[in-house]
Amino acid sequence: MSDISKFFPELISHLREHAVRTDGPFTLRSGAVSDWYLDARQTTFSGHGARLVGEVVADAVDERSVAVGGLTMGADPVAMATAMAADARGRGLVAFSIRKEAKSHGTGGRLVGPVGPDAPVTILEDTTTTGGAMTEAITVARESGLDVVQALSLIDRSGDVVRERMAELGVNYRAIITPRDLGVE
């Protein structure tokens, strides 16, 4: 990315040390098999790692967005860390989550969090290979009346697959980290 956060090198180091595994093979959510795996939660669920993620992602979120979120569970810690980092800078971002399925109790539905109709939002994902979770999150967000202005992946292992998929959906896409950054091409 051209406007790299000052926290980017430290985040890369944290991911390499705690989240990258090269003792595969691993079956990914997409069904693909890979020799390496990135267990992003080893960073996004760590206090120090989450702070780094929040700082880096907050730098990349479209300025029009008032909320960040995506499909639970991968997007949840990224969204919370990003909202907290933005708040520390005086930018009022809120986080939201999209459930895997609608609940029949409480307020029901799939969208959870302090975000309302017509809000410009950024859809987040921790790691993407095909864009499936991101596409589902965009669909639900739009059905809930949100204005999806951006999709952003912390780690994109897809090459250009996800970028093309997002273009088909008419969504501006940004990948922050690629396998090359992690030394696992």
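Scroll up a little and you will see the structure.
Worth saying up front: this structure is predicted, and the values here are computed from it rather than measured.

Caption draft 1: Looking closely at the pattern of salt bridges. The tally for this structure, following the rule as stated, stands at five salt bridges. One salt bridge in this structure joins Arg21 and Asp23, with 2.9 Å as the shortest N-O distance. On the basis of relative accessible area, Arg21 is assigned to the partly exposed category, the value being 40%. Arg64 is paired through a salt bridge with Asp62; the nearest N and O atoms lie 2.9 Å apart. Bridged by salt links that share partners, the residues Glu55, Asp59 and Arg89 form one connected network.

Caption draft 2: Fine view of unusual backbone geometry. The omega angle of the peptide bond from Gly24 to Pro25 is 20 degrees, so this bond is cis rather than trans. Of note, Pro25 is situated in the loop between strand 1 (20-21) and strand 2 (26-27).

Caption draft 3: Examining the side chain of Thr43 more closely. Its place among the elements puts Thr43 in helix 2 (residues 41-44). Using a relative accessible area of 0% as the deciding quantity, one classes Thr43 as buried. Looking at Thr43, its side chain comes within polar contact range of the side chain of His14, at 2.9 Å. The residues touching Thr43, leaving out its near neighbours within four places in the chain, are Leu11, His14, Leu15, His18, Ala19, Gly49, Ala50 and Val53.

Parameters at a glance
- Residues numbered from 1 in each chain as written.
- Predicted model: local features only at pLDDT ≥ 70, side-chain atom pairs only at ≥ 80, totals over all residues.
- Heavy atoms only, no water.
- Salt bridge = Lys/Arg side-chain N within 4 Å of Asp/Glu carboxyl O.
- Buried < 20%, exposed > 50% of the residue type's maximum accessible area, 1.4 Å probe, protein only.
- Helix = DSSP H or I, 4+ residues; strand = E, 2+ residues; numbered from the N terminus.
- Polar contact = N/O pair within 3.5 Å; in protein donor to acceptor, adjacent residues only side chain to side chain.
- Contact = heavy atoms within 4.5 Å.

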